[in-house]
Amino acid sequence: MRQNARVTSDSRGSTGTGGTRGDYQELVDELSELLGAPATLENRDFELIAFGAYDSEGDLDPSVLDPVRTRSILTRRSTAAVRAWFESFGITRATGPVRIPPTPEAGVYRGRTCLPVRHRGVVLGYVWLLDTDPGPTERQLAAAMEVTARIGALLADEAQHGADLSRELRAVLTAERDWQRDMAVAELRSALGARAETPHAVVCVAPWPSADPDDAPSVRTVPGATALCTVPWGVSAVSLALLVRLRSAEVQTPATSAAGRLLERAGTATGRGGPAGGAAAGVSAPRTGLADLGAAWSEASAAARAARAEERFGPVAQWTSIGAFRLLTSLPPRSADDPAVRALLSPAHRELARTAEVYLDCAGQAGRTAAELGVHRQTLYYRLSRVEQLTGLDLDDGEDRLLLHMVLKARRL
C-alpha cells in the first residue's frame, strides 16, 4: 500500500492562524490512507484547499481524473453548475457521508462520496472520495468523519481569527492621508498578531476581471496568502492586492507563485483558460513588518504596469527587476506627452518610433539595431534621420537620447 501526496502549491504556506496548508494536506493524506481512496478537500464555496491521490498499484488510474475533478485541481474551484448539481444531493444539510452516483453527462464519470466538514453544526467544507472497489466500510467512514471534525475545527479557528482580512488590507491600500493609513496599519497589525512581523511581499494583479468582492478568491485557496482584497485600478477597473508571507526576505518564490496562480484564475474568469488578456502581476520588494505596506503596494502596482508595458518583464514582474521603469512608473500620467516627441508618437510614424526605441535599447549600436529590426543599415540610418527631423533632437547628444528614450518607454504605461 502506497500513497502519493499531490500538492499544487507550497505545502507549508500559511492559510491563516487556524492552520497551515500543510496541516490540511496532512489530514487529507490521512483520509486517503485510511480509506484507500483519493480524497479532495474543498471549502464550502467549492474552492480547492488540498488533495491527495491514493495509489495501490504504482500508477494513478487515469479514470480518477474525470472532468469535474480535473477542473477542481487545475483551477482550484468548481463551476456554479457543478456546485448546484452536487448541492442538490443535500450535502449542505448532511451530517454524515452522502453517496453521489456517476453522471457522465455532468462530467462525473466516477461516483464519489461526500463527507461534509462541519463545526458546531455549521458546514465549512467538503471532503470528496472517489469510488473504489471495494469501497470503504462503515467503520472506515466513521473514522473518516472523525478526521473531518478535526478539519472543521481548523477551518473554524481560521475564520474566527480573521482569515479574511480584506477590509483591513483595503483600508491600508486606499487610505488618502498618512494618519488614516497609520490607523489602518495598526488595525491590520492587531488582526494578524505575530504574523505581522514576519517577512512578506505584496502582489498586484491588474486588471482583475470582476469588481464584485464575492468573485475574489478565498484567501485559504492562495498559497502563502495572509490577506487579499480588490482595490480600484484606474478610472473604471479594479486590481487584486495580495499580502504574501515569505519564508525569508531573500526568497520571493511564494509571492511569484501566488501571482502566477492568480493570473491563471483571472484567465479562467474571462474564459481564456490562461492569463487574462492585458492582465499582469507585480511583486513588491520584500518587507519585514507592516510599516511600509503602502510603499510596497506602490511597488507592486508599478511592477504590474511595467509587466503590461514590456513583455520581457511579464506576466509576473518583480519591482527589483524592472530597471528604469521604477522611475518611469512614478512620473505623472502625462509625462510622456513631451512636445518635441509628440509628432513621432502619431500612428503615422509608428515604425519610426519603434526604430528609435530599438536603437536606444541597443545603446545606439547600428549593427545590433539593424539585426534586431531585420533591416539594412542604410534603411536604419534613413529612419533615424527622419526621427531627428520630426523631433528636432540630436541622436548624438546624450541628453536628447535620454529624453527620447524616456518618452518612448513612458508612453507604454
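Here the structure is shown first, and the text comes after it.
Nothing here was measured: the structure is a model prediction, and the numbers come from that model.

## Observations regarding the pairing of strand E10 (residues 280-283)
Logical step 1: Residues Ala280 and Gly282 of E10 are buried on one face, and the alternating residues Ala281 and Val283, pointing to the opposite face, are buried as well.
Logical step 2: As paired elements, strand E7 (residues 199-208) and E10 share four bridges and run antiparallel to each other. Counted as the bridge partner of alanine 206 is alanine 280 from E10.
Logical step 3: In terms of strand pairing, E10 meets strand E12 (residues 316-318) through three bridges, oriented parallel. The partner of glycine 282 across the bridge, within E12, is alanine 317.

## A few points about the pattern of salt bridges
Logical step 1: Counting across every chain of the model gives 17 salt bridges.
Logical step 2: Of the charged contacts in the structure, one is a salt bridge between arginine 99 and aspartate 131, with a shortest N-O distance of 2.7 Å. Taken together, the residues span a long stretch of sequence, with arginine 99 in strand E4 (residues 98-100) and aspartate 131 in the loop between strand E6 (122-130) and helix H4 (138-160) at a distance of 32 residues.
Logical step 3: We classify aspartate 131 as partly exposed; its relative accessible area is 22%.

## Some thoughts on the side chain of threonine 369
Logical step 1: Mapped onto the elements, threonine 369 comes out in helix H11 (residues 366-373).
Logical step 2: When sequence neighbours within four positions are dropped, the list of residues in contact with threonine 369 reads Thr355, Val358, Tyr359, Cys362 and Leu380.

## Things to note about the pairing of strand E5 (residues 112-119)
Logical step 1: Among the eight residues that make up E5, seven are buried, leaving the element largely enclosed by the rest of the structure.
Logical step 2: Bridge count for E4 against E5 is three bridges, and the pairing is antiparallel. When the bridges of E5 are listed, isoleucine 100 appears paired with arginine 112.
Logical step 3: With antiparallel pairing between neighbouring strands as the criterion, E5 and E6 make up a hairpin whose turn holds two residues, including arginine 120 at a positive phi of roughly 55 degrees.

## Topic: unusual backbone geometry
Logical step 1: Cis rather than trans, the peptide bond between aspartate 133 and proline 134 has omega equal to 5 degrees.
Logical step 2: With respect to the helices, strands and loops of the structure, proline 134 is situated in the loop between E6 and H4.
Logical step 3: At the junction of alanine 206 and proline 207, the peptide bond is cis and its omega measures out at -10 degrees in the coordinates.
Logical step 4: Position of proline 207 among the secondary structure elements: in strand E7.
Logical step 5: One non-glycine residue with positive phi stands out, namely alanine 363, at about 60 degrees.

## Describing the environment of valine 28
Logical step 1: Residue position: valine 28 is located in helix H1 (residues 21-35).
Logical step 2: The class of valine 28 is buried, set by a relative accessible area of 1%.
Logical step 3: Counting along the chain gives 100 residues from valine 28 to tryptophan 128, while the straight-line C-alpha distance between them is 9.9 Å.

## Points about the packing of aromatic side chains
When we look at a pair of aromatic rings, we describe it by the centre distance and by the angle of the planes.
Logical step 1: Per the counting criterion, the structure on display carries seven aromatic pairs.
Logical step 2: With a centroid separation of 5.0 Å and an interplanar angle of 70 degrees, the aromatic rings of tryptophan 85 and phenylalanine 86 are classed as edge-to-face.
Logical step 3: Judged by relative accessible area, tryptophan 85 falls into the partly exposed class, the value being 23%.
Logical step 4: Ring centres of tryptophan 85 and phenylalanine 89 lie 5.0 Å apart, and the angle between their planes is 70 degrees; on these two criteria the pair is classed as edge-to-face.
Logical step 5: Owing to a relative accessible area of 31%, phenylalanine 89 belongs among the partly exposed residues under this scheme.
Logical step 6: An aromatic cluster is built from Phe46, Trp85, Phe86, Phe89, Tyr126 and Trp128, whose rings are joined through pairwise contacts.

About the thresholds
Residues numbered from 1 in each chain as written. Predicted model: local features only at pLDDT ≥ 70, side-chain atom pairs only at ≥ 80, totals over all residues. Heavy atoms only, no water. Buried < 20%, exposed > 50% of the residue type's maximum accessible area, 1.4 Å probe, protein only. Helix = DSSP H or I, 4+ residues; strand = E, 2+ residues; numbered from the N terminus. Pairing = 2+ DSSP bridges. Salt bridge = Lys/Arg side-chain N within 4 Å of Asp/Glu carboxyl O. Contact = heavy atoms within 4.5 Å. Phe/Tyr/Trp six-rings, centres within 6.5 Å; stacked < 30°, edge-to-face > 60°.

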